[in-house]
Amino acid sequence: MKVVLLGAPNTGKGTYASRYLKDIYKIPHISTGDLFRANIRNNTDLGVEAKAYIDAGKLVPDAITTSMLRQRLKEDDCRDGFFLDGFPRTVAQAEALEGIASIDVALNFIADEETLIRRATGRRTCRGCGAIYHLTNIIPKVEGVCDKCGGEVYQRDDDKMEVFKKRLKIYNDETRPVIEFYRKKGLLAEIDANLDVNHPNFHVIDDCKKVLDKLRGK
Ligand code: AMP
């Protein structure tokens, strides 16, 4: 099952895929943002090139991103499918993806702008393993220390208010057309992602399962 996750930054799609969906469906969560951050941590040429764009809240050029993703999708764990998070972010990337994999569905996570800003400015990330925390929702047991790997939990530069607003604008200008790309192909499913995971009526995972289970023929 090859699934694309669409939605503005901080709709929660990465958290839902990495904490729940990948285990339910036993396929990996591939995030181009995580791949870039791993390259930056390991100081690879790709990481050095990408860092300037990422810190400024800009998109990394399509050619660099697409070639990194193409390599990742060739790995064994992607044989039965994947959740693709953060790619495609432009129509050119969506077209390039057509030549790499045949997508079964695009889940489009939708949330209000004030919800996105509140989540972004509260989000914290582990410098070691990339695990995601939040100042009010997902708090590490020891402040500033990752529960999973003991790494430092910090605020990404691109989650700071000013940069985040720039990312939202880029999303609206460049990534929104990707939604229409998948709608026209009849592959789009919309998910209301306004409620936080600790809300009593939280339904995002159940809504995703309704779409994905049907796809799997359950
Ligand atoms: P994310 O973790 O998905 O929010 O990605 C963090 C940053 O990595 C983005 O703001 C971009 O600078 C870069 N990035 C991730 N995915 C892509 C992509 N598909 N195309 C271009 N840049 C990307």
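Our subject is the structure listed above.
Residues numbered from 1 in each chain as written. Predicted model: local features only at pLDDT ≥ 70, side-chain atom pairs only at ≥ 80, totals over all residues. Heavy atoms only, no water.

## Observations regarding the packing of aromatic side chains
Now for step 1: Under the criterion given, the structure shown has 4 aromatic pairs.
Now for step 2: Look at Phe 181 and Tyr 182: their rings are 5.1 Å apart centre to centre, the planes differ by 80°, and that puts the pair in the edge-to-face class.
Now for step 3: Put simply, the rings of Tyr 16, Phe 109 and Phe 202 pair up and form one aromatic cluster.
Now for step 4: The ring of Tyr 154 has Arg 127 lying over it, and the distance from NZ or CZ to the ring centre is 3.9 Å. (Phe/Tyr/Trp six-rings, centres within 6.5 Å; stacked < 30°, edge-to-face > 60°. Lys NZ or Arg CZ within 6 Å of the ring centre and 35° of its normal.)

## Focus: the layout of surface pockets
Now for step 1: What the second largest pocket holds in volume is close to 290 Å³.
Now for step 2: What lines the second largest pocket is a set of 13 residues, among which Arg 37, Ile 40, Asp 55, Arg 127 and Tyr 154 lie closest to the centre.
Now for step 3: If you list the elements that add at least two residues to the lining of the second largest pocket, you get helix H2 (32-41), helix H3 (45-55) and strand E5 (123-126).
Now for step 4: Each residue belonging to the lining of the second largest pocket can be placed in one class, and the counts come to 4 nonpolar, 1 polar and 8 charged. (1 Å grid on protein atoms, 1.4 Å probe; cavity = no way out; pocket = protein on both sides within 12 Å on 5 of 7 lines; lining within 4 Å. Points joined across faces, edges and corners; volume = space filled by probe spheres on them. Helix = DSSP H or I, 4+ residues; strand = E, 2+ residues; numbered from the N terminus. Nonpolar A, V, L, I, M, F, W, Y, C, P; charged D, E, K, R; others polar.)

## Some thoughts on the pattern of salt bridges
Now for step 1: Taken as a whole and assessed by the stated rule, the structure comprises 20 salt bridges.
Now for step 2: A salt bridge links Lys 51 to Asp 55, with the shortest nitrogen-to-oxygen separation between them at 2.4 Å. With a gap of 4 residues between them, Lys 51 and Asp 55 both fall in helix H3, about one helical turn apart.
Now for step 3: Its relative accessible area of 37% is what places Lys 51 among the partly exposed residues.
Now for step 4: A salt bridge links Arg 118 to Asp 196; the nearest nitrogen and oxygen atoms lie 3.1 Å apart. Remark: Asp 196 occurs in the loop between strand E8 (188-192) and helix H8 (204-215) and Arg 118 occurs in helix H6 (residues 113-122); sequence separation between them is 78 residues.
Now for step 5: Three or more residues joined by partner-sharing salt bridges are found here, namely Arg 123, Arg 156, Asp 158, Asp 159 and Arg 167. (Salt bridge = Lys/Arg side-chain N within 4 Å of Asp/Glu carboxyl O. Buried < 20%, exposed > 50% of the residue type's maximum accessible area, 1.4 Å probe, protein only.)

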